[in-house]
2 protein chains.
Amino acid sequence: MSEIQDKYELILASSRKLIEEIGFSALTMDKVAQKAGIAKGTVYLYFKDKDDLLEKVLSSGFEKMFERIKIRVGNENGAFNKLQSLINENIRHIYENRYFFKTIFLDEVNVVFLKKKSKESYNLRRKRYTDYIADIIKSGIESGEFRKDINNSKTAYMLVALIKTGAIYNFLNGMFDLTSEMIEKDTEEILNLFMRGISVK
Amino acid sequence: MSEIQDKYELILASSRKLIEEIGFSALTMDKVAQKAGIAKGTVYLYFKDKDDLLEKVLSSGFEKMFERIKIRVGNENGAFNKLQSLINENIRHIYENRYFFKTIFLDEVNVVFLKKKSKESYNLRRKRYTDYIADIIKSGIESGEFRKDINNSKTAYMLVALIKTGAIYNFLNGMFDLTSEMIEKDTEEILNLFMRGISVK
DNA sequence: TATTATAATGACTTAATAGTCATATTTCAA
DNA sequence: TTGAAATATGACTATTAAGTCATTATAATA
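Residues numbered from 1 in each chain as written. Chains lettered and ligands numbered in written order. Predicted model: local features only at pLDDT ≥ 70, side-chain atom pairs only at ≥ 80, totals over all residues. Heavy atoms only, no water.

1. Thoughts on the protein's contact with DNA strand D
So, point 1. Residues in close proximity to DNA strand D total 17 residues, the closest being M29(A), K40(A), K7(B), T42(B) and Y46(B).
So, point 2. Within 4 Å of the protein, the atoms of DNA strand D are drawn from sugar and phosphate moieties in a proportion of 62%.
So, point 3. The side chain of K40(A) places a nitrogen or oxygen atom 2.7 Å from a base oxygen of DNA strand D.
So, point 4. At a separation of 2.5 Å, a phosphate oxygen of DNA strand D approaches a polar side-chain atom of Y46(B). (Near = heavy atom within 4 Å. Polar contact = N/O pair within 3.5 Å; in protein donor to acceptor, adjacent residues only side chain to side chain.)

Structure below.
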């Protein structure tokens, strides 16, 4: 990896750490530079502006997660098994980056700070993920595993919301360091709710 | 209603309209004053600071919704029926204030802008609502309507997430003006998913 | 080594906006 | 009618932080 790439990654990593420590809204380019141990002007050699930097911070994590999920889900057969793996891998990713997601989910849930262009990138990423899930659900409907009367696209959004909400609930209750068994339990909990609902019969 | 209260409400309403038009992040005290047709200093006679104003904007809507829901749910018997009414009333409230929630849900999903104190109020409001729902779920577990192996508190958070996500999905697809029938359909969709899941059997 | 190209610096400029306060206007009771 | 209290005003101050760019340092090359 070249020196240039190293500095690029250094700035990204420093921004990430800072966001975990102080949140998005308190992040300034001065602080990023200080954290990275470089001058502010240097940050602007690698990122167009603050919006660009934040965009890259958000997207880099997402791409890593999505790759992991696709590999693992690709090894599974059947829509149910695919969704189980997807949920499990998504939860794992959240807990491996728990302090970052704590900020994203609890402290500043959102993308206020992003300008129009970066917001569009953000929405496109989300759509890529939900489309991927919607395809799995569709295959499950076609194979007879899932009900025919559900909207696969909307239901994909619902599943993502459930995964996220499970993490938010744990974070709100101070549960940050989940053991492997706890992650399995959380996976089952969400899978159960998503598959069977809360009703008894 | 006194003149003072009228001006207080005027500022609140103007802020609300502005948020619908330009979003939270672009909201300035100058714009609020201009929208209300008063001087900026006057805004500070009725609200301690910007944070206080935003806090009041958010809380006033929530209290109205919560009151409505409690009245309607109070008339129902059985946990299932109570949840059905709650979902329906919550969805109604979202669509009656659709442009405000569009901003909240899509454009700036969150509360970045709130300082610590107001963020706590926000979290407390959310907790009051989820606690209320958790109690209904608990009663459903005790009555045998719902499964015994679910965490009533966590599941309450899940339900709120599903309601919110349903609205987000519609907003993302440009569906803002829902007819009464569409609201009923959305209610059934969420109730179905929450009660039965997506599985066939 | 000398020269050019590339990378880095950080003081400075600029812009935005929250909050203040001396002054002006309005209200209302005596 | 009058003057004191309550309201309202908006120009002004103070702060914060993004982005720039002339200058300096480092690396590459001949």
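2. Regarding the protein's contact with DNA strand C
So, point 1. Around DNA strand C, a shell composed of 17 residues is seen, among which K7(A), T42(A), Y46(A), M29(B) and K40(B) lie nearest.
So, point 2. Counting only atoms of DNA strand C within 4 Å of the protein, the sugar-phosphate share comes to 62%.
So, point 3. At a separation of 2.7 Å, a base oxygen of DNA strand C approaches a polar side-chain atom of K40(B).
So, point 4. At 2.9 Å, a side-chain N or O of K50(B) approaches a phosphate oxygen of DNA strand C.

3. Overview of the environment of L191(B)
All names here are of chain B.
So, point 1. Relative to the elements of secondary structure, L191 occurs in helix α9 (residues 180-196).
So, point 2. Along the sequence, L191 and D131 sit 60 residues apart, while their C-alpha atoms lie 19 Å from each other.
So, point 3. Apart from residues no more than four positions distant in its own chain, L191 is found in contact with F80, L83, Q84 and I87. (Helix = DSSP H or I, 4+ residues; strand = E, 2+ residues; numbered from the N terminus. Contact = heavy atoms within 4.5 Å.)

4. Here we look at the interface of chain A and chain B
So, point 1. With 40 residues of chain A in contact, the opposing surface of chain B contributes 40 residues.
So, point 2. Here chain A and chain B share an interface that buries about 4,000 Å² over both sides, 62% of which is from carbon and sulfur atoms.
So, point 3. Considering only the surface of chain A that becomes buried against chain B, R147(A), Y169(A) and I198(A) emerge as the three largest contributors, covering 20% of it.
So, point 4. For the interface between chain A and chain B, the tally reads four salt bridges.
So, point 5. We note a salt bridge from K154(A) to D186(B), for which the minimum N-O separation is 3.4 Å.
So, point 6. Where chain A touches chain B, the interface holds 18 residue pairs in polar contact (both at pLDDT 80 or more).
So, point 7. When residues of the side of chain A that touches chain B are traced back to their parent elements, those giving at least two are α7 (116-142), α8 (152-172) and α9 (180-196) of chain A.
So, point 8. Here the side of chain A that touches chain B takes 12 residues from α8(A), the largest share from any one element. (Buried area = accessible area lost by both parts, 1.4 Å probe. Salt bridge = Lys/Arg side-chain N within 4 Å of Asp/Glu carboxyl O.)

5. Thoughts on the relation of the copies chain A and chain B
Think of it as a corkscrew move, a rotation about one axis and a shift along it, taking one chain copy to the other.
So, point 1. Rotating chain A by 180 degrees about the axis while translating it 0.0 Å along that axis superimposes it on chain B, leaving an RMSD of 0.0 Å. Here the two chains are linked by the operation of a two-fold rotation axis. In terms of C-alpha distance to the rotation axis, chain A has G197(A) as its closest residue, with the C-alpha 2.1 Å off the axis. (Least-squares fit on C-alpha atoms with pLDDT ≥ 70 in both.)

6. Considerations on the nonpolar core
So, point 1. Counting 122 residues, the largest nonpolar core has L83(A), L86(A), L83(B) and L86(B) as its most contacted members.
So, point 2. Not counting the four nearest positions on each side in its chain, L83(A) is found in contact with I133(A), I136(A), I137(A), F146(A), L159(A), L191(A), F194(A), M195(A) and I198(B). (Core = buried A, V, L, I, M, F, W, Y, C linked by side-chain atoms within 4.5 Å. Buried < 20%, exposed > 50% of the residue type's maximum accessible area, 1.4 Å probe, protein only.)

7. Some thoughts on the domain arrangement of chain A
Residue and element names in this part refer to chain A.
So, point 1. According to the domain assignment, chain A consists of domain 1 (1-47) and domain 2 (50-196).
So, point 2. The gap between the C-alpha centroids of domain 1 and domain 2 is 27 Å.
So, point 3. With 15 residues of domain 1 at the contact, the number on the domain 2 side is 16 residues.
So, point 4. Summed over both sides, the interface between domain 1 and domain 2 buries roughly 1,500 Å², with carbon and sulfur atoms accounting for 70% of that surface.
So, point 5. Our count for the contact surface shared by domain 1 and domain 2 stands at zero salt bridges.
So, point 6. For the pair domain 1 and domain 2, the interface holds three residue pairs in polar contact (both at pLDDT 80 or more).
So, point 7. If you list the elements that add at least two residues to the side of domain 1 that touches domain 2, you get α1 (3-22) and α2 (29-36).
So, point 8. Broken down by element, the side of domain 1 that touches domain 2 gets its largest block of residues, eight residues, from α1.
So, point 9. Looking at side-chain class alone, the side of domain 1 that touches domain 2 contains 10 nonpolar, three polar and two charged residues. (Domains from an automatic or database assignment. Nonpolar A, V, L, I, M, F, W, Y, C, P; charged D, E, K, R; others polar.)

8. Structural notes on the packing of aromatic side chains
Any aromatic ring pair is given by two values, namely how distant the centres are and how the planes are angled relative to each other.
So, point 1. Inspection of every chain in the model, using the stated rule, returns 24 aromatic pairs over all chains.
So, point 2. A centroid spacing of 5.4 Å and a plane angle of 70 degrees characterise the contact between Y169(A) and Y157(B), whose relative ring orientation is edge-to-face. In this pair, Y169(A) is assigned in helix α8 and Y157(B) in helix α8 (residues 152-172), connecting two distinct chains.
So, point 3. Residue class for Y169(A) comes out buried when judged on its relative accessible area of 11%.
So, point 4. Note on Y99(B) and F176(B): the rings are 5.7 Å apart at their centroids and 25 degrees apart in plane angle, and the pair reads as stacked. Of this pair, Y99(B) sits in helix α6 (residues 98-107) while F176(B) sits in the loop between α8 and α9, and the two are 77 residues apart along the sequence.
So, point 5. Using a relative accessible area of 40% as the deciding quantity, one classes Y99(B) as partly exposed.
So, point 6. Three or more aromatic residues link up through ring pairs in this structure, and these residues are F24(A), F100(A), F101(A) and F105(A).
So, point 7. Sitting over the ring of F66(A), K70(A) keeps its end group 4.3 Å from the ring centre. (Phe/Tyr/Trp six-rings, centres within 6.5 Å; stacked < 30°, edge-to-face > 60°. Lys NZ or Arg CZ within 6 Å of the ring centre and 35° of its normal.)

9. Examining the pattern of salt bridges
All names here are of chain A.
So, point 1. Considering all chains together, one arrives at 34 salt bridges over all chains under this definition.
So, point 2. A salt bridge links K40 to D30; the nearest nitrogen and oxygen atoms lie 3.2 Å apart. Here K40, found in helix α3 (residues 40-46), pairs with D30, found in helix α2; they are 10 residues apart in sequence, far enough to count as distant.
So, point 3. By relative accessible area, which is 47% here, D30 ends up partly exposed.
So, point 4. Of the charged contacts in the structure, one is a salt bridge between E67 and K70, with a shortest N-O distance of 3.7 Å.

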